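# Descriptive analysis of the structure
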Amino acid sequence: VSGGLEMPFAMRETETLFQEQPEVGNQYLEDALLRSYLKTHLPPKVQEEVSRDLEKFGNRLLTEIKPLAWECELNPPVFRQYDAWGQRLDHIITCLAWRRMKEIAAEEGLIAEAYERRYSNWSRVHQAIKLYLFSNYSGGFSCPLAMTDGAAKVIESLGIPGSLKNAFDHLTSRDSKKFWTSGQWMTERRGGSDVANGTETVARKQPDGAYHLYGFKWFTSAADSDVTLTLARIADAQGHVKQGSGGLSLFFLKVRDEEGKLNNIKVQRLKDKLGTRQMATAELWLDGAKAELIAAEGRGVASISSMLNITRIHNVIGAVASMRRMISLSREYALKRVAFGKLLKDHPLHMQTIARMEVQTRGAFLLLMEIVRLLGLVETNLANEQDQLLLRLLIPVAKLYTGKQASAVVVEAMECFGGQGYMEDTGLPVIVRDTLVLSIWEGTTNILSLDVLRSLTKSQGQALAVFSSTVQRKLELASSIEKLEPAVKLMQDAISSLVQLIQRAGSKGAVTMELAARDFSYSLARIYAGALLIEHAARPDSSSMDVSAARSTSIYLLDIILMRKSLIRKLPIAEEKQQQKKDSWNII
Ligand code: UCC
Ligand code: FAD
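The following refers to the structure shown. (Residues numbered from 1 in each chain as written. Chains lettered and ligands numbered in written order. Predicted model: local features only at pLDDT ≥ 70, side-chain atom pairs only at ≥ 80, totals over all residues. Heavy atoms only, no water.)

## Observations concerning the overall build of the chain
Scanning the chain for helices and strands turns up 18 helices and eleven strands. Against the 2.2 N^0.38 benchmark of 25 Å for 588 residues, the chain shows a C-alpha radius of gyration of 25 Å, consistent with a compact globule. With respect to the principal axes defined by its C-alpha atoms, the chain has extents near 75 × 75 × 60 Å. Put simply, of all contacts in the chain between residues at least 6 apart along the chain, 74% involve residues at least 24 apart. (Helix = DSSP H or I, 4+ residues; strand = E, 2+ residues; numbered from the N terminus. Rg over C-alpha atoms; globule rule 2.2 N^0.38 Å. Contact = heavy atoms within 4.5 Å.)

Dropping the structure here:
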């Protein structure tokens, strides 16, 4: 009120952005695709029990865990290097909510579930779904859980040696007082991708058989973890080390001793990160840290790769979870926000934007489920050789594809909120920031594209043959269903484009293959995700949404067909250009 007159713009009634915050309910109950997947694949009794657990967990996430996640965001870790009197402390102080997340992770069996195997091969699916639901409410705690799972997997793959039995029990415990988390210290200053040449850390053998590690770890996430796996070069009696991949060995170490004192480790500083700010990523000096050699000398990279493959699956979980959450919130917002006289949900173009993201997310979700289904089979000795090859190939494919896809989807979804999407206190930018890292850590997009080639080379092409026959089998199931016919036809065209691309690139030599690696890997992801969407829609009780998603596989596939046309033309040119070393910027 000014001068006795009411100012219309000051009246609350006219302020249309006062509205309830878009919020979603129980994320298990609201996820139709997730529920239909479980119903289709799990044996009925397992499905019933798992479903009960997920519903309960979905409620706990809303009532208890979600507020903790926000607390973690508001209270990032703090580093205190010295006390007031100049004594070195190296304390990483985490908030209460972060520590509570650790207890909850144990209580919910977020790691234990996978190793107890009470549902045999389906335990991995159960665990992955719990982690998927937890991901956006974890306040960054998904990160240590990924590495903890990876460490447990390495120990299990080594046959749980006696010296590591205690650690394995802690890492897979449901007892919140006993539960340990693990780090994964691989990256050094000279290189995080090229670990084989970038690792300078040296391990010196002690008379008691233990090793002391000396080096500098440049990125160590969840640095408050209890234990870690790391790589180092063992020095011989003369102090010499072997360079390259063959010089790397795998070590286990406890970060602190029984009294809580750091294991000859000094914290240089905490990283100042764009996202994942709830979680401490540190630079660490190893100054004689006591460690145990846990795998054959010189087999460090091969031995830690079972950790990499698990953490990369967790990365996919994080990617799909971020996309799902942003889409769920966008849908909610579209039911409330009015523009041009009607709700956003009544604007076809806006809903098309959301629908396209939905198709991407569905494909990524089914790809994730396929991977954890295969992992479950492998871990319970129910997998055949084909399953193993397919799993090895699909992990890097899914990690590299969903990492990039999630970054694009969450940015698109942020725009669905207009200016509100950019506002810090809506919580939406946190999801965006935390998603952007998914294509960098655990191997960048290019490094994983090269890993895709590695997996094909190692299997002498067999992995690709299994990939093709599996896709064809999935399509066969749908080929007699009229409404899926166009999608199946498009898929066949995409597959033949891919085959032509490989034949053409393969015949041109290694450089061309390397140049094609990323496009090739994207194509594998798109074809497999498309086939899974079609397979899911071919179920007798499929919903109209399942069918529309399958019919929209063109979102994935057209790119492949177009790419063949442009890329195949360019490949020979690229090869010549590289060989002549004329102008490397022309390789596009
Ligand atoms: O970023 C990190 C943690 C972040 C926090 C965790 C978040 C988790 C998700 C949370 C979601 C919310 S930890 C740092 C991650 N670092 C990387 O991912 C490294 C990226 N670089 C690579 O992946 C490279 O390709 C290297 C390091 C693997 C390349 O090493 P080499 O030694 O040069 O490669 P080689 O010589 O080709 O491979 C050595 C051996 C071979 O076995 P053998 O000797 O038997 O032939 C390979 O077949 O290792 C085997 N190998 C593998 N085996 C290599 N990669 C794999 C693999 N992926 N699977 C199986
Ligand atoms: P580089 O290896 O220098 O790569 C730079 C660029 O070159 C990339 O785009 C890469 O794709 C490209 N490139 C490199 N080699 C090739 C090639 N042969 N062909 C084509 N392109 C290539 N590491 C850990 O070990 N433990 C952790 O806990 C951890 N936490 C992290 C947390 C965060 C938030 C971040 C951002 C990183 C973390 N990392 C951690 C490090 C991470 O794994 C590395 O940053 C990543 O693997 C890339 O390594 P780099 O940074 O050395 O980049």
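## Focus on the state of the cysteines
For the structure shown, the criterion picks out zero disulfides. Cysteine Cys72 remains unbridged, with the sulfur of Cys95 as its closest cysteine sulfur at 4.2 Å. A residue is classified by how much of its surface remains accessible, and Cys95, at 12% relative accessible area, is buried. (Disulfide = S-S within 2.5 Å. Buried < 20%, exposed > 50% of the residue type's maximum accessible area, 1.4 Å probe, protein only.)

## Examining the site of ligand 1
In the vicinity of ligand 1 there are 29 residues, among which Ser245, Arg299, Arg312, Arg454 and Lys458 approach most closely. In the model, a nitrogen atom of ligand 1 is placed 2.9 Å from a nitrogen or oxygen of the Ser193 main chain. Between an oxygen atom of ligand 1 and a main-chain N or O atom of Gly443, the distance comes to 3.2 Å. Every element with two or more residues in the shell around ligand 1 is listed here: helix 6 (142-157), helix 8 (195-198), helix 9 (300-334) and helix 13 (445-458). (Near = heavy atom within 4 Å. Polar contact = N/O pair within 3.5 Å; in protein donor to acceptor, adjacent residues only side chain to side chain.)

## Topic: the site of ligand 2
In the region of ligand 2, 20 residues are neighbours, and Gln184, Thr187, Gly192, Ser193 and Thr444 sit closest. One nitrogen or oxygen atom from the main chain of Met186 is found 2.8 Å from an oxygen atom belonging to ligand 2. Contact between ligand 2 and Ser221: an oxygen atom at 2.7 Å from a main-chain N or O atom of the residue. Protein chains shield 65% of the accessible area of ligand 2, which is 980 Å² for the free molecule. Of the residues contributing to the shell around ligand 2, the split by class is eight nonpolar, ten polar and two charged. (Areas by Shrake-Rupley, 256 points an atom, 1.4 Å probe, with all protein chains shown as cover. Nonpolar A, V, L, I, M, F, W, Y, C, P; charged D, E, K, R; others polar.)

## Focus on the packing of aromatic side chains
Considering all chains together, one arrives at twelve aromatic pairs under this definition. With a centroid separation of 5.5 Å and an interplanar angle of 50°, the aromatic rings of Tyr132 and Phe365 are classed as tilted. Note that Tyr132 is positioned in helix 5 (residues 123-135) and Phe365 in helix 10 (residues 348-379), a separation of 233 residues in sequence. Accessibility assignment for this pair places Tyr132 and Phe365 in one class, buried. An angle of 85° between the planes, with centres 6.2 Å apart, marks the rings of Trp218 and Phe219 as edge-to-face. Looking at Trp218, the relative accessible area reads 26%, which means it is partly exposed. The structure contains a cluster of three or more aromatic residues connected by ring pairs, namely Phe216, Trp218, Phe219 and Trp285. In this structure, Lys130 packs its charged tip against the face of Phe57, placed 5.0 Å from the ring centre. The residue whose ring lies beneath Lys271 is Trp218, and the NZ or CZ to ring-centre distance is 3.3 Å. (Phe/Tyr/Trp six-rings, centres within 6.5 Å; stacked < 30°, edge-to-face > 60°. Lys NZ or Arg CZ within 6 Å of the ring centre and 35° of its normal.)

Read these as geometric descriptors, not functional statements.
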